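One-letter residues, chain by chain:
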Amino acid sequence: MTVTRLDQGQRYRPRMAFLKKIEALMMEMQNPDTGIKTQTQTVMIANIPHAVTGNDILQWILQRLQITAEEALHLGDLFVKYGYIYPLQEPKNLTLKADGSLYRFQTPYFWPVQSWAADDTDYAIYLAKKNIKRKGILEEYEKEHYNMLNQKINYKWDFVIMQAKEQYKAGKERKKEDRYALDCQERAYWLVNRTPPGMQDVLEYGVDRVTDPNENKIMYYQQAIVKTRVKSSVSLGGLVKYSEQFLSNDPILSGCLPSNPWITDDPEFWDLNAKLVEVPTRMRVERWAFNFNELIRDPKGRQNFQLFLKKEFSGENLSFWEACEDLKYGDQSKVKEKAEEIYKLFLAPGARRWINIDGTTMGITVKGLKHPHRYVLDAAQTHIYMLMKKDSYGRYLKSPIYKEMLAKAIVPQETVKKRQVKLAVIVGTGLFGRRHLRSSPSPIILRQQEEEAKAREAATTVDITQVMSKLDRRNQPQKEPPPK
Amino acid sequence: MVKEECKALLDALNKVTACYRHMVLTIGGTSDSQNLREELKKTRQKAQELAVANRNKLTTVLKDKTVSKEDKAEFERLWVIFSTCLEILEIDMRRALELGHEFPLNVPKKHLIQTGMSGGTSGVAARAMSVQNMKYEAEHNIDVVDLKDLENEINQVGEMMYEMEMKVNVPQWTVEAKQDPGAELKSTISVGASSIGMISVEENKSFCDISKVLAGIVFSAVLIIAIVLAVCVVKLS
């Protein structure tokens, strides 16, 4: 089976749409009434019909399409160049001459087709046939092609020879005149499709012939095939699981306690769920057990978790994580200082609160810190996050600290019904004027409070190195006496 | 024995393919006719029969493990020739389908392209079918009716080629051609000097011939004059 090579030339070019239009015109030209008048060409002793003069063609085009003479000449020239009409007296000169030089129409088999290009095997057969006919006299470029094809499709060569001989013999069964016409046709076809050197090749489009405009599409689709896909059953399953888990926490679907502030104008819900409230609600604490992300995104949860981590002497992990978050989302003008501080505090060898990350990550981070930016600590942060998630989180959920928090958590009472509230509001507004709505504290103040709390905590943290050094000092005097 | 049979079958297929190509060339031209379409149909069917016969024979041989190495190489060569022939046949059949659609014969508005052909293709068809004369017995609208069959047959050929490719594992590029380039010239095909397709060559030839002829004439003229003079001398003396 021949491997059909990807034809990057004509196939993709929309310019080839004109072929159909030319064919329509060609067929119109054949009309005995409105088409072109034909003459007979006399060759040696034979008469071959259906020859037309160049001038006739030109006149017909002018009359049919109503265009200027220049355009008509150009169009007629293109007909000849693409091989729909071929010249009889100067076969190699594929131009339309507006005089009495004779042309003939090409048989439809040899019309240019968009879907397949002239085949090498066919060309080889043609050259072999010509060889037989002319007893070895081929043009120079034809000889070159012949030798090149012999090498290129050598495995088909026996077939080429066989087929050439057979086609030649079969041709003999036809009339002499027909044989001559056939020869002319074939010669014209191959002049168009395998142009001799020096002749303009109309089927070539210049430099961008080699690039395929569909290339980008092909690449995209190839990558799309290779892309890993998640089955919709799997992704939908995940969505369902998430929805089921969080259903009870959704204020719209399951209602919220004490009451929805937008409906009852009662901000108690927000007060009870403030960021660092003293006693969180039960729903909130239960949510921390769903997954690690819930815990770490909730400031109260973080606080509680930090307590637990201190007991386990891995408090620096969470502090480092928080510092990285601050670097990412904080003031970018202070990136350099912040990064340096973090390095001094957490990453430098012998730092006060040294975090335990593996060598490669440390290498990448230190390298990146030379040119610090927002995400320079991403790798280290991810490592610490995964460490906490896989290691400490499990233990936290079983720890007494969490259980205590869960027990302490309150379940707010549902407030009075809507109708009664409305009545109360109306009465209230009626009796005491406008109800005084207390505004929540300004975010700026809240942030200041947070930062103060952080600073206090940082000052009081005990870090592992101090503890270990203390332990060492304590152990050493004990060790000394025994050797004595 | 088997080799000769295979070769004979392959030659027959080759011949029919060549004839089919000749006939497809004339579709749409002035020698197109209902007869041509019928010839195409018959030739095509014959080609398919031969193709099936070839395939069966060659597959049995190639699957046979007891064949010697040289024989196997020879059969692989035949296989490559066979598959190439089938490809050419398929391409021609597809072309015939396209052209058949474009040039229906009984539509008065559609005119055939005046390609300069005036004779028919019955000789070629007779050669393909290996008969003396072609008999035409089809209905007058075979050009349209046949197209459906043609489509089916193209699909069949396509399937056959696919099956062949799957079942027989012969890498084509390992086959070496037996014939050298230019082998066609050594054949004993006589190039008809009466063929008028060799105008330019004949002109050259005739030019050389003219000089030779002139030389011949001059020589014979000189000879005659010499003889006449001798006779005169003899007579006078």
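Definitions and limits used
Residues numbered from 1 in each chain as written. Chains lettered and ligands numbered in written order. Predicted model: local features only at pLDDT ≥ 70, side-chain atom pairs only at ≥ 80, totals over all residues. Heavy atoms only, no water. UniProt positions renumbered as here; feature names shortened; annotations may be inferred. Helix = DSSP H or I, 4+ residues; strand = E, 2+ residues; numbered from the N terminus. Buried < 20%, exposed > 50% of the residue type's maximum accessible area, 1.4 Å probe, protein only. Areas by Shrake-Rupley, 256 points an atom, 1.4 Å probe, with all protein chains shown as cover. Salt bridge = Lys/Arg side-chain N within 4 Å of Asp/Glu carboxyl O. Contact = heavy atoms within 4.5 Å. Pairing = 2+ DSSP bridges. Axes fitted to C-alpha atoms, helices over the stretch in contact; angles between N-to-C directions. Parallel < 35°, antiparallel > 145°, perpendicular 65-115°, else oblique. Left-handed = near helix turned anticlockwise from the far one by under 90°. Buried area = accessible area lost by both parts, 1.4 Å probe. Polar contact = N/O pair within 3.5 Å; in protein donor to acceptor, adjacent residues only side chain to side chain. Nonpolar A, V, L, I, M, F, W, Y, C, P; charged D, E, K, R; others polar. Core = buried A, V, L, I, M, F, W, Y, C linked by side-chain atoms within 4.5 Å.

An unreviewed UniProt entry annotates chain B as R9BP protein originating from Sapayoa aenigma. Turning to chain B, the UniProt record has this under Sequence similarities (unreviewed entry): "Belongs to the RGS7BP/RGS9BP family."

As annotated in an unreviewed UniProt entry, chain A is Regulator of G-protein signaling 9 from Willisornis vidua. Under the UniProt heading Subcellular location (unreviewed entry), the entry covering chain A gives this text: "Membrane".

Moving on, we get to the overall build of chain A. A count of helical and extended segments in chain A gives 23 helices and four strands. Taken across its 484 residues, chain A has 40% of its residues classed as buried. Looking at chain A as shown, the accessible area adds up to about 28800 Å², and 57% of this sits on carbon and sulfur atoms.

Helices and strands together make up the secondary structure of chain B, namely six helices and zero strands. Beginning at the N terminus, the succession of helices and strands in chain B can be written as α-α-α-α-α-α. Carbon and sulfur atoms provide 60% of the accessible area of chain B, an area that totals close to 12700 Å².

Opposite charge on two side chains lets them pair, provided their charged atoms get close. Counted according to the given criterion, the structure contains 43 salt bridges over all chains. A:D326 is the salt-bridge partner of A:K338, the closest N and O atoms lying 3.6 Å from each other. Here the residue A:K338 occupies a position in helix α17 (residues 335-347), and A:D326 occupies one in helix α16 (residues 315-329), the gap between them amounting to twelve residues. A:K338 sits in the buried class, given a relative accessible area of 17%. Each of B:K41, B:R44, B:D146, B:D149 and B:E153 takes part in one network of salt bridges that share partners.

Take the side chain of A:E186 next. Relative to the elements of secondary structure, A:E186 occurs in helix α7 (residues 176-193). Apart from residues lying up to four places away in sequence, A:E186 is in contact with A:F110, A:Y126 and A:K129.

The next point concerns the sheet that holds strand β1 (residues 39-43) of chain A. Residues and elements named next belong to chain A. Strand order in the open sheet made by the four strands is β1-β2-β4-β3, with antiparallel pairing throughout. Two strands bound the open sheet, and with one partner strand each, they are β1 and β3 (85-87). Recorded for the sheet is a direction-independent mean angle of 55° between the axes of neighbouring strands. Pairing between β1 and strand β2 (residues 46-53): four bridges, direction antiparallel. Its bridge partner being in β2, Q39 is matched across the sheet by A51. Strands in contact with helix α2 (residues 54-65) are β1, β2, β3 and β4 (102-105); relative to β2, the strand with the most contacts, it is inclined by about 40°.

The subject of this paragraph is the packing of α16(A) against helix α19 (residues 378-398) of chain A. All names here are of chain A. It is at 10 Å that the axes of α16 and α19 come closest, and there the two elements cross at 140°. Taken as axis vectors, α16 and α19 run oblique relative to one another. Handedness of the crossing formed by α16 with α19: left-handed. On the side of α16, the interface is formed by N317, L318, F320, W321, C324, E325 and K328, while α19 contributes D378, A380, Q381, I384, Y385, L387 and M388.

We now examine the interface of chain B and chain A. With 79 residues of chain B in contact, the opposing surface of chain A contributes 69 residues. In total, chain B and chain A occlude about 6500 Å² of area from one another, counting both sides; carbon and sulfur atoms represent 61% of this. Put simply, chain B and chain A have five salt bridges between them. Between A:D122 and B:R21 there is a salt bridge, with its nearest N and O atoms 2.8 Å apart. Remark: the boundary between chain B and chain A carries 14 residue pairs in polar contact (both at pLDDT 80 or more). Sorting elements by how many residues they give to the side of chain B that touches chain A places helix α3 (residues 69-102) of chain B first, with 15 residues. Across the side of chain B that touches chain A, the residue classes tally to 31 nonpolar, 29 polar and 19 charged.

Okay, the pairing of β4(A) next. Residue and element names in this part refer to chain A. Every second residue of β4 is oriented toward a common face, with L102 and R104 on one face and Y103 and F105 on the other, all of them buried. In the sheet, β3 pairs with β4 via three bridges, with the strands oriented antiparallel. If you follow Y86 over to β4, its bridge partner there is R104.

A:M26, A:I85, B:F82 and B:L86 are the most contacted members of the largest nonpolar core, which totals 111 residues. For this core, the leading source of residues is α3(B), giving 14 residues. Not counting the four nearest positions on each side in its chain, B:L86 is found in contact with B:A51, B:V157, B:M160, B:M161 and B:M164. One finds A:L295, A:F308, A:L318 and A:I384 within the second-largest nonpolar core, a separate group that totals 35 residues.

All names here are of chain A. Across the junction of L257 and P258, the peptide omega takes the value 0°, indicating a cis bond. Here P258 is to be found in the loop between α10 (251-254) and α11 (261-264). The phi dihedral of Q66 is positive, around 55°, even though this residue is not glycine. A relative accessible area of 64% means that Q66 is categorised as exposed. Non-glycine residue F313 carries a positive phi angle of around 60°. With respect to the helices, strands and loops of the structure, F313 is situated in the loop between α15 (299-311) and α16.

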